[in-house]
Structure formats: structure tokens, C-alpha cells
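Working through the structure, step by step
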Amino acid sequence: MQTHFTEEALKQPHIQEADRVLRSCVHCGFCNATCPTYQLLGDERDGPRGRIYLMKQMLENPDDSENVTEQTRLHLDRCLTCRNCETTCPSGVEYHKLLDIGRAEIERRVPRSTAERAQRYALRKALVEPKRFQALLKLGQTFKPLVPGKLKDKLPPKPVDAGTRPDHKRHARQMLILEGCVQPGLSPNTNAATARVLDRLGIGLTPVAEAGCCGAVDFHLNAQDDGRARARANIDAWWPHIEKEGEAGVEAIVQTASGCGAFVKEYRDILKDDPAYADKAKRVSELAKDLVEVLRDEELTSLEVNEGRRLAFHCPCTLQHAQKLGGAVEGVLVKLGFILTPVQDAHLCCGSAGTYSITQPELATQLRDNKLNALEAGNPETIVTANIGCQTHLNGAGRTPVRHWIEIVDEALPTPVNS
């Protein structure tokens, strides 16, 4: 693709990055074949290729107010950022990086209404602080009939007790875990189950209370500076543990929510121009591992399950397209003896996409129902996934129960003799 940026514009780092991404696109349109919103809407502007043209026009013409409008913003808002297009693209176009630049620019050029700004601000402030979120969650569960619209579907019944976590200090091998912001409230057993399973493998999970939200919620709601600030805060919280040498040092930073994992692995990119954090961010991204990467690389003979339940696995977009770990969880589950039912169009998004299911409820509901139809076709007992957003969104339909896959593994293991 030819670009027409001025020499002055190309002095700006974000324009240099946009120019690089744009020039890698060859207009082939393969991306549209696997784009969920293009499949639903059939509009070129609601597929990756069309959005690339919209962003190219906007970025090359900083004074164009006639063609850069609310309609432009709508088409960018409708993108799920699922990155399916990147998996499909034969040219390796890093579409999500261009989208981050384009969304920041359209936010500046075409301000949102007061109501939209208020909604996005409320989402950011409600979701990213665990204690605040848990308080709001309990309030919503208590007064569920009064909760408006699609938010009601997001409220799960009060979760079961997470159980105890083993003492991490008894193991020489140590890893950090990102507890997350909404997951401790919506599914507290996920991280507890992770600690119990890794304990059987001789791995302790070191808690770091100072680490908070990964920053993805802020960043993808166009509060990108706030997202970077959260990334820096997490790096500061983890760094004393990373600095330790030899056996005292941590092997990895584990994420049980693939959305968080994908974003932590992006720290190196979003902070590459920060001289105080660039090197640290690179190291953190290198240490970041999705939970399945840990189990995949371990000897699993100590994890002999009691029964092989019939499961359907929904592979989140952030796992298969962003982290390129499609098939990894399925491989571990089969190795442990579970029975996996086939899932048609497993590459397609469920419609959760962070806060997308709240900001674009109609499209998200269509995608959710299509995904559930595919997941339920093999009559599984349970649907399992690897991301709290997908889990909550799919559960909102009230159909086959959806849980994190590590919880099912934990439940299927025999009780330890020394427990």
C-alpha cells in the first residue's frame, strides 16, 4: 500500500508506526473472510481492509473534517480487536497497532457525546479497581431486578467459595501471578485452582498485592495514557521479585485470563519509547506466560484426573490470535484424559472483547449466540474457556455452564494424601 504522509508528519513516532503497518498491507481482502463483524454486516467499512482505508485517509489528512466523522468512529468502534485478521493475513499486517493509533486519533478529532464519555469513564473506573468492582458486583447481585439492560446478564450468581491456596513458600520454584481486576470477583476460584494445580507440579505462586489491573481496559477504551500508567505500576510491583538472582528469582509471570496475558506481553511495545521503563517492560513481556504455557511445558504425570468429562473448549481470541496459542489448552486437556467435542468455526470471536459486549450489545449478542450454537453442537457437559470476559459473556445466555478450564482440572484431581 502506498502512503502519502508529509516529512513533518513522519517525525512523529505514531505516524512512523502507522506508515510501517499500512505499507505492509497488499489489499488482498483475505482478512474479511474471517472478520466477525464483516460476516454479520457485509459492509467493507466493517472489515479490516475497509477500516485500514478509513484510518489511512484520516491519518494522512489531519485537517479533513468532511470525511472524518462520527460514522468513521462507528466503524472503528465496531471492531472487536479479535485479531483474527492478523492470523489470516498472508502479509503479516499488525492491524491492532494501527487500530490503537487510529482510535486515539478519531477520539481527538471527533469528540464523543457526553453520554458516551460518561459510559466509558464509568466502565473504566468500575472495572479496574478490584475492591470497587467487587462492591459494585455485590450491590448488583443484591438488586439484580433493578439492573438495567444487558448489564443484568453480566451478573453471575454469587460464586462458590474459592477454597484454600497452598503455601507457596514450600517450593523452590516460584512464579508470580496477576490476580486481575474483575476475575477475583466474578470467578475467585480460578486463581485458587491454579495455585493448587501448580502446587502439585512443585511450583509456588508468589502473591504481589501491589500489582493491579493489567491496563487493557483503559488502553482499549482510548485512555491509553492511563493504560500505560497501570503497566508501569505493575512493573514496579513485580520488579523486586524479578531482580532476585538464581533460585530466589521468579521463573515467570502467570496470567489465567488470556486477555490480560496478551496485554502484558504487549508492555514491551506500549512502553518502548519510555526510557525509564523500556528495558523493564521488555523483560516483563518475556516473563509473561499464559497458564497453559506453564502446564504445556511440565511433566503432567502427577496430574492424573479421576474422570474424563465431556467438554467443549472455547479458545479466546486473545489466546489463539494474539498469543498464538491455539490448540494449546486442547492439547493439555486431551493429555489429561478429558473428552473434547468438536467446535465449528472455533476461530471466530464470541463477542465479549473486553467491554465490547456492553458498548456494542446487539453485535455482541449475535456473536455470542452463534458461538454457543457451535459449542453446544457436540452436547458437552460443560463449556470451558481461558478468559474471564468470554466466560462471563457466554454464561450470560443462561445455557450450558461455562467455566475456566483450570477449575475443571482441579476438580478432577484426586485429593492429595497430605491435605
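If you check an unreviewed UniProt entry, the chain appears there as Glycolate oxidase iron-sulfur subunit from Billgrantia desiderata. Its UniProt record, at the heading Function (unreviewed entry), says of the chain: "Component of a complex that catalyzes the oxidation of glycolate to glyoxylate."

Focus on the sheet that holds strand E3 (residues 253-255)
Across the sheet, four strands lie side by side as E2-E1-E3-E4; this open sheet has parallel pairing. Each edge of the open sheet is held by one strand with a lone partner, namely strand E2 (203-206) and strand E4 (288-290). When strand polarity is set aside, the average angle formed by the axes of neighbouring strands in this sheet is 40°. As paired elements, E3 and E4 share three bridges and run parallel to each other. Across the sheet, residue Val254 finds its bridge partner in E4, namely Lys289. Where helix H13 (residues 224-243) meets the sheet, it contacts strand E1 (173-178), E2 and E3, and its direction lies at approximately 175° from that of E1. Packing of helix H16 (residues 278-287) onto the sheet brings it into contact with E3 and E4, and relative to E4 it is tilted by some 25°.

A closer look at the sheet that holds strand E8 (residues 402-404)
Read from one edge to the other, the open sheet built from four strands follows the order E6-E5-E7-E8, with strand pairing classed as parallel. With one partner strand each, in any of the chains shown, strand E6 (339-340) and E8 form the two edges of the open sheet. Sheet strands touched by helix H23 (residues 405-412): strand E5 (310-313), strand E7 (382-385) and E8. Its angle to E8, the strand with the most contacts, is close to 80°.

Looking at the state of the cysteines
If you walk through the whole model with that rule in mind, you get zero disulfides. Cys28 carries a free sulfur, and the closest cysteine sulfur to it, the one in Cys89, is 5.8 Å from it. Among the residues examined, Cys28 registers a relative accessible area of 34% and is labelled partly exposed. No disulfide involves Cys317; its sulfur sits 3.8 Å from that of Cys349, the nearest cysteine. Overall, Cys317 belongs to the buried group, its relative accessible area being 10%.

Comments concerning the nonpolar core
Formed by 41 residues in total, the largest nonpolar core has its most connected members in Cys214, Ile235, Trp238, Ile242, Val264, Tyr267 and Val284. When residues of this core are traced back to their parent elements, those giving at least two are helix H8 (114-127), helix H9 (130-142), E1, helix H12 (216-220), H13, helix H14 (258-264), helix H15 (267-270) and H16. At six residues, H13 tops the list of elements feeding residues into this core. In this structure, Ile242 is in contact with Val250, Ile253, Arg283, Val284 and Leu287, ignoring residues within four places of it in sequence.

Topic: the pattern of salt bridges
Counted under the stated rule, the structure contains 42 salt bridges. One salt bridge connects Glu44 with Arg49, and the closest N-O pair in it is separated by 2.7 Å. Arg296 is paired through a salt bridge with Asp297; the nearest N and O atoms lie 3.7 Å apart. One salt-bridge network, held together by shared partners, links Glu17, Arg20, Glu94, Lys97, Asp269 and Lys272.

Notes on helix H19 (residues 328-336)
All of the buried residues in H19 are Ala328, Val329, Val332, Leu333 and Leu336. For H19, the angular spread of buried residues about the axis comes to 130°, placing them on one side. In this structure, the buried side of H19 is in contact with helix H17 (291-296), E5, helix H18 (317-322), E6, E7 and H23. Looking one or two places after H19, you find Gly337, whose phi comes out positive at around 105°.

Remarks on the packing of H13 against H16
At a minimum axis distance of 11 Å, the contact between H13 and H16 shows a crossing angle of 75°. Regarding the angle of H13 to H16, the classification is roughly perpendicular. Every residue of H16 that contacts H13 at Ile235, Trp238, Trp239 and Ile242 is listed here: Lys280, Ala281, Arg283, Val284 and Leu287. Residues belonging to the contact of H13 with H16 are distributed by class as follows: seven nonpolar, no polar and two charged.

Each value, and the rule that gives it
- Residues numbered from 1 in each chain as written.
- Predicted model: local features only at pLDDT ≥ 70, side-chain atom pairs only at ≥ 80, totals over all residues.
- Heavy atoms only, no water.
- UniProt positions renumbered as here; feature names shortened; annotations may be inferred.
- Pairing = 2+ DSSP bridges.
- Helix = DSSP H or I, 4+ residues; strand = E, 2+ residues; numbered from the N terminus.
- Axes fitted to C-alpha atoms, helices over the stretch in contact; angles between N-to-C directions.
- Contact = heavy atoms within 4.5 Å.
- Disulfide = S-S within 2.5 Å.
- Buried < 20%, exposed > 50% of the residue type's maximum accessible area, 1.4 Å probe, protein only.
- Core = buried A, V, L, I, M, F, W, Y, C linked by side-chain atoms within 4.5 Å.
- Salt bridge = Lys/Arg side-chain N within 4 Å of Asp/Glu carboxyl O.
- Arc of directions from axis to C-beta.
- Parallel < 35°, antiparallel > 145°, perpendicular 65-115°, else oblique.
- Nonpolar A, V, L, I, M, F, W, Y, C, P; charged D, E, K, R; others polar.

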